[in-house]
Amino acid sequence: MVINDNVTNRKKSGDSWVGKFIGSTSINDLRTPFKESVGMFIERLNDSGATVIIAATLRPPERAYLMHWSWMLSNRRVLSKDIPPMIGVNIDWVHETESLSINAAKNMVRKYGMSSLMVAPALKSRHTEGFAIDMNISWCNNLRIKNNYGAVFLISTEPKNGMNEHLWDVGKKFNVIKYRGGAKDKPHWSIDGR
């Protein structure tokens, strides 16, 4: 991370930052071969009756920076004055009081949709590399997912969402790996589970 020396034009932290450095929700912005693997996995999930809602794919490093440090500050893992600056992101994390700084960070976390996240988003991650997707998966009946060779995987167990361990096993067959940290980041899948 490079220090931003343009301190005079800094804007206070808060939820207005969430609309800057927008990330993608498109599978097309992922990198090969993960893009093709995710596309096939989602196609087969949809064919089996599952609903898939994509929350994030490729994330700009600036957005990762804002997400990481807003989560860290809102969860009192860092003091606002200790957050390192990033070039191109003229944010001022320090408000008149630490309480106000934390409240501004909490507003950012809420608007980013990270309130239930149990771990800080990484500064450099599979999302910034194009090798991760956050998606919410759900279904009502049993899932019958067919692979490229005609084999059918039956999932009849609970829960009927992306936290189903049998679904994780099926995802591996498509080279789409559920996040190894379990419930800390429920919607996260990647090329290697990171």
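Conventions adopted
Residues numbered from 1 in each chain as written. Predicted model: local features only at pLDDT ≥ 70, side-chain atom pairs only at ≥ 80, totals over all residues. Heavy atoms only, no water. Core = buried A, V, L, I, M, F, W, Y, C linked by side-chain atoms within 4.5 Å. Buried < 20%, exposed > 50% of the residue type's maximum accessible area, 1.4 Å probe, protein only. Helix = DSSP H or I, 4+ residues; strand = E, 2+ residues; numbered from the N terminus. Contact = heavy atoms within 4.5 Å. Phe/Tyr/Trp six-rings, centres within 6.5 Å; stacked < 30°, edge-to-face > 60°. Lys NZ or Arg CZ within 6 Å of the ring centre and 35° of its normal.

Trainee: What's the story with the nonpolar core in this structure? I'm lost.
Mentor: Side chains that are nonpolar tend, in soluble globular proteins, to be buried together. Among the nonpolar cores identified, the biggest contains 25 residues, and Phe-41, Leu-45, Met-135, Ile-137, Leu-167 and Trp-189 are the most heavily contacted of them. Of all the secondary structure elements, the ones that give two or more residues to this core are α1 (34-47), β4 (132-138), β5 (143-146), β6 (152-155) and α5 (165-173). Sorting elements by how many residues they give to this core places α1 first, with five residues. With residues up to four places along the chain from it excluded, the contact list for Leu-45 reads Ala-50, Val-52, Ile-137, Leu-143, Ile-145 and Leu-167. In this structure, Trp-17, Trp-69, Ile-83 and Ala-120 belong to the second largest nonpolar core, which totals 23 residues.

Trainee: Is there a simple way to explain the packing of aromatic side chains in this structure?
Mentor: Where two aromatic rings form a pair, the distance of their centres and the angle of their planes describe that pair. Enumeration according to the criterion identifies three aromatic pairs in this entry. Ring centres 6.2 Å apart and planes at 65° place the aromatic pair Tyr-65 and Trp-93 in the edge-to-face group. Of the two residues, Tyr-65 is situated in helix α2 (residues 61-74) and Trp-93 in the loop between β3 (91-92) and α3 (98-112); the sequence distance between them amounts to 28 residues. For Tyr-65, a relative accessible area of 1% corresponds to the buried category. In textbook terms, an aromatic cluster arises when at least three aromatic residues are bridged by ring pairs, as seen for Phe-41, Phe-174 and Trp-189. It is Lys-20 that lies over the ring of Trp-17; its NZ or CZ is 5.7 Å from the centre.

Trainee: Sorry, what's going on with unusual backbone geometry here?
Mentor: The phi torsion of most residues other than glycine is negative, and most of the peptide bonds are trans. Here Thr-32 and Pro-33 are connected by a cis peptide whose omega angle stands at 5°. Mapping Pro-33 onto the fold places it in the loop between β1 (11-12) and α1. The step from Glu-158 to Pro-159 runs through a cis peptide bond, and the omega angle for that step is -10°. One can find Pro-159 in the loop between β6 and α5. For Phe-21, which is not glycine, the phi dihedral falls at a positive 55°. Within the fold, Phe-21 resides in the loop between β1 and α1. Positive phi, normally seen in glycine, also occurs at Asn-175, with a value near 65°. Among the secondary structure elements, Asn-175 is positioned in the loop between α5 and β7 (177-178). In this structure Asn-175 comes out as partly exposed when scored by relative accessible area, which is 48%.

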